[in-house]
Amino acid sequence: MKSDAKSTIQAGKAILGIEFGSTRIKAVLIDQENKPIAQGSHSWENQLVDGLWTYSVEAIWHGLQDCYADLRSNVKKLYDTEIETLAAIGVSAMMHGYMAFNKEEEILVPFRTWRNTNTGPAAAALSELFVYNIPLRWSISHLYQAILDNEEHVSNIDYLTTLAGFIHWQITGQKVLGIGDASGMLPIDPATKNYSAEMIAKFDKLVAPKGYPWKLTDILPKVLPAGENAGFLTPEGAKRLDVSGRLKAGVPVCPPEGDAGTGMVATNAVKQRTGNVSAGTSSFSMIVLEKELSKPYEMIDMVTTPDGSLVAMVHCNNCTSDLNAWINLFKEYQELLGIPVDMNELYGKLYNHALAGDADCGGLISYNYISGEPVTGLADGRPLFVRSANDKFNLANFMRTHLYASVGVLKIGNDILFNEEKIKVDRITGHGGLFKTKGVGQRILAAAINSPISVMETAGEGGAWGIALLGSYLVNNEKNQSLADFLEDKVFAGDAGIEISPTAEDVAGFNTYIENYKAGLPVEEAATRFKK
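None of the values given here were measured: they were computed from a predicted structure.

### A word on the UniProt feature "domain: Carbohydrate kinase FGGY N-terminal" (unreviewed entry) in the protein
At step 1: Following the UniProt record, one finds the feature "domain: Carbohydrate kinase FGGY N-terminal" (unreviewed entry) at residues 15–260.
At step 2: Overall, residues 15–260 shows 33% helix and 21% strand. The separation of its end C-alpha atoms is 20 Å.

### A look at the sheet that holds strand E1 (residues 15–20)
At step 1: The five strands lie next to each other as E3-E2-E1-E6-E13, forming an open sheet whose pairing is mixed. Strands with a single pairing partner mark the edges of an open sheet, and in this sheet they are strand E3 (36–43) and strand E13 (257–258).
At step 2: Examined bridge by bridge, strand E2 (residues 24–30) and E3 share seven bridges and lie antiparallel to one another. Looking across to E3, one finds that Ile25 is bridged to His42.
At step 3: Here helix H5 (residues 163–172) sits on the sheet in contact with E1, strand E6 (88–93) and E13, set at roughly 145 degrees to E6.

### Concerning the nonpolar core
For soluble globular proteins, the rule of thumb is that nonpolar side chains tend to be buried together.
At step 1: One finds Leu143, Phe203 and Tyr517 to be the most contacted residues of the largest nonpolar core, which totals 125 residues.
At step 2: Sort the elements by how many residues they give to this core and helix H13 (residues 395–420) lands first, with 12 residues.
At step 3: The contacts of Phe203, once residues within four sequence positions are left out, are Leu126, Leu129, Phe130, Ile140, Leu143, Tyr144, Ile147, Trp214 and Leu216.
At step 4: Core analysis: the next-biggest nonpolar cluster, separate from the first, contains 43 residues, Ile25, Cys67, Tyr68 and Leu247 among them.

### Topic: a nonpolar patch on the surface
At step 1: Taken together, Tyr333, Leu336, Leu337 and Ile339 make up a surface patch of nonpolar side chains, about 460 Å² in accessible area.
At step 2: As for its placement among the helices and strands, Leu336 is situated in helix H11 (residues 321–336).
At step 3: Residue class for Leu336 comes out exposed when judged on its relative accessible area of 73%.

### Observations concerning the environment of Ser472
At step 1: Mapped onto the fold, Ser472 is located in helix H15 (residues 462–475).
At step 2: Its relative accessible area of 0% is what places Ser472 among the buried residues.
At step 3: Not counting the four nearest positions on each side in its chain, Ser472 is found in contact with Ile15, Ile30, Asn34, Asn477 and Phe486.

### Some points on unusual backbone geometry
At step 1: Residues other than glycine seldom take positive phi values, yet Lys422 does so here, at roughly 55 degrees.
At step 2: In this structure, Lys422 sits in the loop between H13 and strand E20 (427–431).
At step 3: Positioned with a positive phi, Asn480 is a non-glycine residue whose angle comes to about 60 degrees.
At step 4: Residue placement: Asn480 occurs in the loop between H15 and helix H16 (483–492).

### Section: helix H10 (residues 259–266)
At step 1: Most of H10 sits out of view: seven of its eight residues are buried.
At step 2: For H10, the set of buried residues is Ala260, Gly261, Thr262, Gly263, Met264, Val265 and Ala266.

### Comments concerning the pattern of salt bridges
At step 1: The full count for this structure, using the stated rule, is 21 salt bridges.
At step 2: The partner of Lys202 in a salt bridge is Glu198, and the shortest N-O contact between them spans 3.4 Å. Remark: Glu198 and Lys202 occur in helix H7 (residues 197–207); sequence separation between them is four residues, near one turn of the helix.
At step 3: Residue Lys202 is classed as partly exposed on the basis of its relative accessible area, which comes to 26%.
At step 4: Looking at Glu198, the relative accessible area reads 53%, which means it is exposed.
At step 5: Across the pair Glu290 and Arg273 runs a salt bridge, and its minimum N-O distance is 3.6 Å. Here Arg273 lies in the loop between H10 and strand E14 (274–279) and Glu290 lies in the loop between strand E15 (283–288) and strand E16 (301–304), a separation of 17 residues in the sequence.

Conventions used here
Residues numbered from 1 in each chain as written. Predicted model: local features only at pLDDT ≥ 70, side-chain atom pairs only at ≥ 80, totals over all residues. Heavy atoms only, no water. UniProt positions renumbered as here; feature names shortened; annotations may be inferred. Helix = DSSP H or I, 4+ residues; strand = E, 2+ residues; numbered from the N terminus. Pairing = 2+ DSSP bridges. Contact = heavy atoms within 4.5 Å. Axes fitted to C-alpha atoms, helices over the stretch in contact; angles between N-to-C directions. Core = buried A, V, L, I, M, F, W, Y, C linked by side-chain atoms within 4.5 Å. Buried < 20%, exposed > 50% of the residue type's maximum accessible area, 1.4 Å probe, protein only. Patch = residues over 30% accessible without salt bridge, like charges linked within 9 Å, V, L, I, M, F, W, Y side chains within 5 Å. Areas by Shrake-Rupley, 256 points an atom, 1.4 Å probe, with all protein chains shown as cover. Salt bridge = Lys/Arg side-chain N within 4 Å of Asp/Glu carboxyl O.

Here it is as structure tokens:
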């Protein structure tokens, strides 16, 4: 294997994927079989500047270069060789946000990330205008909020893009964006696989009285589906990536994508009637739809797969943080007894014990709101455990209620899709920290959304692997297959992972729990008002 990987790198047949996450930039090098052969990473954090979350342009370039240098040194260590050229490169990053540039290619205001919530008035006005749910974090919300706030820079905008779009532009010279990332700037029309012409016309009319020198289509990146030519690494781009100067220009670069799209690719969930659930500090579910929903819902965001299928996304701010805090309490107790603590064993024991609890958690309720939760209408949060004197209060039910709470809000959003919109799904893949203890998180999630849940070994490879696979799709798709077929044949080769189906008892129990949970939301709301 080592010698094969070495010869792949030396022959310039390896493919590089780089993803900019919120706290880590990760690079993955894959071989012709689409298997990871080397990695690199760089840790970074956002800054709060003038009340807005941002990363500086300097931090972006330093992070990219340090991540690539880390990859380079790992390749040297593992294979005693250098990366001189590559078969393809892909760049992905956290979606949405706002990066606006003037004609001189200078950034007009610091990058405004998806985390900023100052766009409420803009998002509400656009949702009404478009008759489409426009979330706070979308680029169009950021642009319109800047207009509402009469920010001076708006008239000087020559180009507006996302973080992935910015890096791609700077290393290739191409102002393009993968369709999945573009769908987080402005809604996509599934028929044309381009920005909605109707919404563009409405927006231009809305802002016409301002007299800006641009129309919306003038400043947005060109939309590209996966597999399309998105340009080549320029000599300047090669220097920006590899400060050692060894990497040669001319490498094909695939359309830049968002982290939602690369997550779908990494879990083989781009085909219609498939989906994936990411469950860690926060959680989201993405279900690939066969047709548009009957109406907009505030708690469901519409994005697309990297090849342009519509995706219904439910995003929750809270997932496992409160659950982890309770487990740390048991860790402290164990240390107090002088017993050495193995965290994997502790999680395993407590998670598995939860399965011995009542299917409805015996009446116990937990709200895991470390922060606010838009899906349930709470701007602020307080972690809260609630019980009545006659509820069945024991350890199994206590752990079970916290596991239920970790996916409770996700269930509320998905109940709309499955119960009201009658969406059909053949396979949902779970990935993230909740699924680390074998079988338990899977069973809980299966009960929550009344659907079989698969977990794959490779899902942990994440978005950097996902964007590397999109690079592979660009250059290795000899059979001209659809993205879904390419992933099925060339990458996952029938590996559907380990599947757990819901039991009728678990589903009924979770439904009872969620009714109690919804009825108790005013208790959580009161906690946010009275507990400072």
